[in-house]
Amino acid sequence: MAPLLIFVIFVISLALQGSVLALAGPAGVQPDILLVVTVALALLADLRRGAIVGMCAGLCQDILFGAPLGFFAVSKMLVGAAAGLLAADINKELTWSAMVLMPLFTLFSDFLCLILLKLFQIAATLPFLTYLQQVTLPRIAMHFLIMGIIYPHLFRIQKRSLLFAESEVEE
Amino acid sequence: MRKVMPVHVQRNSRKQKNRQVVFLVLALAVLLLLIGMTANRQGAAWPEEMLRYVVAPVQGVFQRLTRSVESFFAAVSNYRHLQQENDRLRQQLAEAVALQTKIAELRQENNRLRSMLELREASEYELIAAEVIARDPSSWFNIITINKGTKDGVRENMAVITTEGLIGSILSAAPNSAQVQLLTDARRRVSALVQRSREPGEVGVVEYDPQNAAYLRMKDLPREANIQTGDAVISSGLGGVFPKGLLIGYVVETAEDEMGLTQYARLQPAANFYRLEEVFVVISEHGLPADSEEENF
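Everything numeric in this text was worked out from a predicted model, so none of it was measured.

Enquirer: I keep staring at the pairing of strand S10 (residues 247-256) of chain B and nothing clicks. Help me out?
Expert: Consecutive side chains along a regular strand alternate between the two faces of the sheet. Residue and element names in this part refer to chain B. In the sheet, strand S9 (residues 232-235) pairs with S10 via 3 bridges, with the strands oriented antiparallel. Each residue of the ladder has a partner; that of Ile234, found in S10, is Leu247. Two strands pair when backbone bridges link them, and S10 and strand S11 (residues 262-269) are joined in this way by 7 bridges, in the antiparallel orientation. Among the inter-strand pairings, Ala255 is bridged to a residue of S11, identified as Tyr264. The hairpin turn running from S10 into S11, its antiparallel successor, is 5 residues long, and Gly260 in that turn takes a positive phi close to 75°.

Enquirer: Hey, could you run me through the nonpolar core in this one?
Expert: Note that soluble globular proteins tend to have their nonpolar side chains buried in a common cluster. Grouped together as the largest cluster of nonpolar side chains are 74 residues, with contacts concentrated most on Leu41, Leu43 and Met147 of chain A together with Phe141 of chain B. Mapped by element, the contributors of at least two residues to this core are helix H1 (2-18), helix H2 (33-43), helix H3 (47-65), helix H4 (71-86), helix H5 (95-119) and helix H6 (128-159) of chain A together with helix H1 (7-38) and helix H2 (46-85) of chain B. Look past the residues within four positions of Leu41 of chain A in its chain and what remains in contact with it is Ile6, Phe10, Val53, Leu154, Leu163 and Phe164 of chain A. Judged by nonpolar contacts, the second largest core, of 45 residues, contains Val206, Phe242, Val251 and Ala271 of chain B.

Enquirer: Would you mind showing me how to read the packing of aromatic side chains here?
Expert: To describe a pair of aromatic rings, one takes the distance between the centres and the angle between the planes. Taken as a whole and assessed by the stated rule, the structure comprises 5 aromatic pairs over all chains. When the ring of Phe71 of chain A is compared with that of Phe141 of chain B, the centres are 5.2 Å apart and the planes differ by 75°; the resulting orientation is edge-to-face. With one member in each of two chains, Phe71 of chain A in helix H4 and Phe141 of chain B in the loop between strand S1 (126-135) and strand S2 (143-146) form a pair that bridges those chains. Residue classification places Phe141 of chain B among the buried positions, given a relative accessible area of 1%. Their ring planes at 55° and their centres at 6.1 Å tell us that Trp96 of chain A and Phe144 of chain A sit as a pair that is tilted. Taken together, the positions of Trp96 of chain A in helix H5 and Phe144 of chain A in helix H6 put the pair 48 residues apart, joining distant regions of the chain.

Enquirer: Help me understand the sheet that holds strand S5 (residues 178-182) of chain B in this model?
Expert: In a beta sheet, neighbouring strands are held together by backbone hydrogen bonds and run either parallel or antiparallel to one another. All names here are of chain B. If you walk around this closed barrel you meet the 6 strands as S1-S2-S5-S4-S3-S12, and the pairing is antiparallel. Each strand of the sheet is rotated relative to its neighbour by a mean of 45°, with strand direction disregarded. Relative to strand S12 (residues 278-283), S1 runs antiparallel, the two being bridged by 6 bridges. Note that in S12 the partner of Ala129 across the bridge is Phe280.

Enquirer: Would you mind showing me how to read the interface of chain A and chain B here?
Expert: Many structure descriptions define interface size as the accessible area lost when the parts assemble. Opposite the 57 residues of chain A that make contact, chain B presents 48 residues. Taking both sides of the interface into account, the surface hidden between chain A and chain B amounts to around 4,800 Å²; carbon and sulfur atoms contribute 73%. A per-residue breakdown of the area chain A buries against chain B is headed by Phe65, Leu69 and Thr125 of chain A, which together make up 15% of the total. Put simply, chain A and chain B have 1 residue pair in polar contact (both at pLDDT 80 or more) between them.

Enquirer: Would you mind showing me how to read the side chain of Asp231 of chain B here?
Expert: Position of Asp231 of chain B among the secondary structure elements: in the loop between strand S8 (216-222) and S9. A polar side-chain atom of Asp231 of chain B sits 2.7 Å from the main-chain amide nitrogen of Gln228 of chain B.

Enquirer: Where do I start with a nonpolar patch on the surface in this structure?
Expert: Where nonpolar side chains cluster on the molecular surface, the patch consists of Leu4, Val8 and Ile12 of chain A and spans about 250 Å² of accessible area. Among the structural elements, Val8 of chain A can be located in helix H1.

Reading the values: rules and limits
Residues numbered from 1 in each chain as written. Chains lettered and ligands numbered in written order. Predicted model: local features only at pLDDT ≥ 70, side-chain atom pairs only at ≥ 80, totals over all residues. Heavy atoms only, no water. Pairing = 2+ DSSP bridges. Helix = DSSP H or I, 4+ residues; strand = E, 2+ residues; numbered from the N terminus. Core = buried A, V, L, I, M, F, W, Y, C linked by side-chain atoms within 4.5 Å. Buried < 20%, exposed > 50% of the residue type's maximum accessible area, 1.4 Å probe, protein only. Contact = heavy atoms within 4.5 Å. Phe/Tyr/Trp six-rings, centres within 6.5 Å; stacked < 30°, edge-to-face > 60°. Axes fitted to C-alpha atoms, helices over the stretch in contact; angles between N-to-C directions. Buried area = accessible area lost by both parts, 1.4 Å probe. Polar contact = N/O pair within 3.5 Å; in protein donor to acceptor, adjacent residues only side chain to side chain. Patch = residues over 30% accessible without salt bridge, like charges linked within 9 Å, V, L, I, M, F, W, Y side chains within 5 Å. Areas by Shrake-Rupley, 256 points an atom, 1.4 Å probe, with all protein chains shown as cover. Salt bridge = Lys/Arg side-chain N within 4 Å of Asp/Glu carboxyl O.

Read these as spatial facts, not as claims about activity.
So this is what it looks like as C-alpha cells:
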C-alpha cells in the first residue's frame, strides 16, 4: 500500500509538474515539485528510505523527461539521503522546519547536478552562476512556499503510518 | 538525564548505519555507471516506454486542466477590465460580457487553429499535429513531451515546428508520447543559413546562447558573411536531421569571435519556447546519420 501511495504521489507530481506548474514561474522557470516531495517524504522517514524515495523520484524524472538515465536519480537520492539524515533531529510537527530546510536542499540539488554535468561532460544549457541567478533563486522561493503546502498533508498521511512503517522510521 | 543504550543495541545500531552507507555507495556506483552509459543516448528502452505509456494520459488530463485554469484566469482579468470601463452597465451586461469573453476565447482558438491548418496545407512536408503535455522541470535540459508517438508515425530525429518556426527535434518516441529536444537545449544544434543572402558558403551552426537562455546563437560564420540585424535565419538542410527552409529566428546582433576569424550572430527565436502548446512533427525522408553535425553532443 505504502509504495503504491508514494508512486501515485510521484505520478501526480510529475503530471502537475509538466502542466499546471508550468504556469507558475516567470520566463520558463518552474518549481521542481518532485524535489519538494522527495525532501518532504525523506524528512518524515530516515536516511535509507529518503535515499530510496529520492532515487525512485529521480529515475521517474530521468525516464519521463529524457535526461541521461541516472542523472536526477543520483542527485535526488543524495538529497533524499541528506534530508533523511536530518529527519531524526527536526520537530516533524513544525511545517516551518521543513520549509526552512527546503532552500538548502534546492541549492544542494543544483550543486549536485552541476557536479554530474562536469563529471560526465554533459553540456549545460546555462553557466552555473547564471543558472543560480535565473533559475535557482526564484525556485528557492517557490519551493519554500510549496513545501508549506505539501508538507502538512504528507505529515498527516504519515501520522496514520500510511507512507512509512512507524517502527522503521524510529530506528 | 541522558539515557545510555545497552551495548548490543549500540552495536546493532552501528551495524544498521554501516548497512545504510553500503547501500548508498552501491546505489551511487550503479547510477553513476548508468549515467556514463546513457549520457549521450538517443531513443528509449522498453521499461522507459512503458512508464511513459502509463503517465502520458495522466499528463494529458492535467494539461487540459491547466488550459481550463488559464482560460479561467484570462476570463477573470478580462472581466475585471470591462468592469472598470462599464461599471454602470455591469449588472445588466454581465451575461453579455461573459459571452463576449467566451467568443473572444473561441476566436483566438479559431485563429490559432486556422493558422495551424494553413501551415499544414501550405507546408511542403507532411506534418503531424501534437499537443505539449509536459516540460522537463529541471531547466538543465530543455525537453518537452508531446502527446503523439510511434503509433502516430513519430520517429526519432524528426524536426518539430510551430506555426512560428523550428523548435527542435524528436529525442525519443514511445507509443503514445515523444520527447522533443528544444533548440535551447545545450546538446542540440542545427545547420543554418541567412534567408536573404542564401550564400552557400555562409552556412553557420545555430545552438543555444550560453549568455542568455532567451536567445540562440549562430556561430562559425565566415568573417565576410553578408548578415545584418533583422535577417531571417533558416535551416540549411545540410546537417541531415532538419529539412531545409524551416525558420529558426531573426538576427538581433552580430559580432566577431575572440580570434577575429569568424563571426557570430545572436538570434531572437521565431518561436516562443516558453509558451509551447501545439506543435507539428515534420515527417521527412531525412535519415539519422551518426556523424551529422546536427547530432546530439
